[in-house]
Amino acid sequence: MDFNVKKLASDAGVFFTRAVQFTEEKLGQAEKTELDPHLENLITRADGTKNWTEKILRQTEVLLQPNPSARIGEFIYDKLDKKLPSRMTNAELLGQYMLDAAKEFGPGTPYGSTLIIVGEYQVRLGGAEREFLQTSAATFLTPLRNFLEGDWRTISKERRLLENRRLDLDICKARLKKAKQAEAKAAAAPDFQETRPRNYVLSASASALLSEEVDKAEHELRVAQTEFDRQAEVTRLLLEGISSTHLNHLRCLQDFAEAQATYYAQCHHYMLELRKELSRHANAIGTPNSSATVCPSPVSSAFLSGPSSSGATVSTSSSQKPSTLAMEQTPFPVTGTRKAKVLYDYDAHDVSELSLLADELITVYTVPGMDPDWLIGERGNEKGKVPVTYLELLS
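The rules we used
Residues numbered from 1 in each chain as written. Predicted model: local features only at pLDDT ≥ 70, side-chain atom pairs only at ≥ 80, totals over all residues. Heavy atoms only, no water. Helix = DSSP H or I, 4+ residues; strand = E, 2+ residues; numbered from the N terminus. Expected span 1.5 Å × (residues − 1). Buried < 20%, exposed > 50% of the residue type's maximum accessible area, 1.4 Å probe, protein only. Polar contact = N/O pair within 3.5 Å; in protein donor to acceptor, adjacent residues only side chain to side chain. Salt bridge = Lys/Arg side-chain N within 4 Å of Asp/Glu carboxyl O. Phe/Tyr/Trp six-rings, centres within 6.5 Å; stacked < 30°, edge-to-face > 60°. Pairing = 2+ DSSP bridges. Axes fitted to C-alpha atoms, helices over the stretch in contact; angles between N-to-C directions.

### Focus: helix 2 (residues 37-64)
Consideration 1: If you check helix 2, its first and last C-alpha atoms are 40 Å apart, about what 28 residues at 1.5 Å a residue would give, namely 40 Å.
Consideration 2: Those residues of helix 2 that sit buried are Leu 39, Leu 42, Ile 43, Ala 46, Thr 49, Thr 53, Leu 57, Thr 60 and Leu 64.
Consideration 3: Where helix 2 begins, the capping side chain belongs to Asp 36, and its oxygen is found 3.0 Å from the backbone nitrogen of His 38.

Here it is, written out as structure tokens:
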């Protein structure tokens, strides 16, 4: 118990001395040992790495999980080292609601059967999203967290030790400076007013004490300099490891981008398949094509020229399937002709549409009153409706 009290008192004294030195440095009343420029650059680079890693980590978490409550729950489970309960994605939940609604409305009805088709694809989209979230968490978020909670904590600890060693070094320098000043002052102005032998003895003893104080301060300075140099080397080696951290994060970033590209490619594929499935289903049950009744696409309307009829009603199914000959004979007023590159293969669902092959060039234009999701395409003597989403309009 006595040892602990002494150690506590000693630590308190060291802390107070360091606090005084730090305050005097901030006030410009004490000299401060500057670090090596290379070490300063490494510290600045490490601080930037830490700050930007935190920002990227937080924003990626927001991207992957926009719900703050869900993020807090994931954080708690992670800190408690417990497995996070399985949770359905929003798309999966929407798909399940659609399937349940289809059972109630009747899977044989047009609305119910369409709900089943869309619901199944929503479940697929949700599964792709779940896989993307799991892959991103494992290949990107986890390495970033490991750096902040592991490597950076070690670096911070060693930097604090380096700062303490620097303060101790500056304290020893100040102590040696004061001791030499006292010794020089005593040597320059000796007290010879008293002629008794006793005063000469005292003067000699004071000189000896001052000389001993200087020697002690020099020894403490050498020890402090050695400890500071050793700690600076340890800190430098850790900070140089930031380059390896950047390489590791680079690989993780590439994996994240690859997972993101795979996810969006799956979503795009599913939506194309859904569109084809809905078109086939609409033709089978004899209802208007879904692509002709949806809201105008902002992408397609941005590229189309000429007036658009937002309030125009959709014609009946009989008017949606005119023959190719009738279409060629009808004098449509052209509102803008331009070239377009076909992005994907497209199979015409009826005689009013034009089949497409990927990478071919066709001429397209629109007519007043036509749905903005569709254009009139021409290839030689062939003519028919083509979906805008399958085209890249050229200037």
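From this point, the discussion proceeds with the structure in view.
### Regarding the pattern of salt bridges
Consideration 1: Scanning the model with the defined rule gives 15 salt bridges in all.
Consideration 2: Among the ionic pairs, Glu 61 bridges to Arg 145, the shortest N-O distance being 2.8 Å. Here the residue Glu 61 occupies a position in helix 2, and Arg 145 occupies one in helix 5 (residues 110-188), the gap between them amounting to 84 residues.
Consideration 3: Owing to a relative accessible area of 25%, Arg 145 belongs among the partly exposed residues under this scheme.
Consideration 4: A salt bridge links Glu 240 to Arg 236, with the shortest nitrogen-to-oxygen separation between them at 2.6 Å. Taken together, the positions of Glu 240 and Arg 236, both in helix 6 (residues 197-240) and four residues apart, correspond to about one turn of that helix.
Consideration 5: Because the salt bridges share partners, they merge into one network encompassing Glu 163, Arg 166 and Asp 170.

### Observations concerning the packing of aromatic side chains
Consideration 1: Scanning the entire structure with this criterion turns up nine aromatic pairs.
Consideration 2: Each ring, one from Tyr 263 and one from Tyr 264, has its centre 5.2 Å from the other, and the planes form 50°; the classification is tilted.
Consideration 3: The class of Tyr 263 is buried, set by a relative accessible area of 14%.
Consideration 4: Residues Tyr 346 and Tyr 390 carry aromatic rings whose centres are separated by 5.0 Å and whose planes lie at 65° to one another, so their mutual orientation is edge-to-face.

### Thoughts on the sheet that holds strand 5 (residues 391-393)
Pairing between the strands of a sheet comes from backbone hydrogen bonds, and it takes one of two forms, parallel or antiparallel.
Consideration 1: One open sheet accounts for five strands, arranged 4-3-2-1-5; its pairing is antiparallel. Taken across any chain shown, the strands that pair with only one partner, and hence form the sheet edges, are strand 4 (382-387) and strand 5. Averaged over all adjacent pairs, the angle separating strand axes in this sheet is 40°, with direction ignored.
Consideration 2: By the bridge criterion, four bridges tie strand 1 (residues 338-342) to strand 2 (residues 361-365) in an arrangement that is antiparallel. Paired with Ala 340 across the strands is Ile 362, a residue of strand 2.

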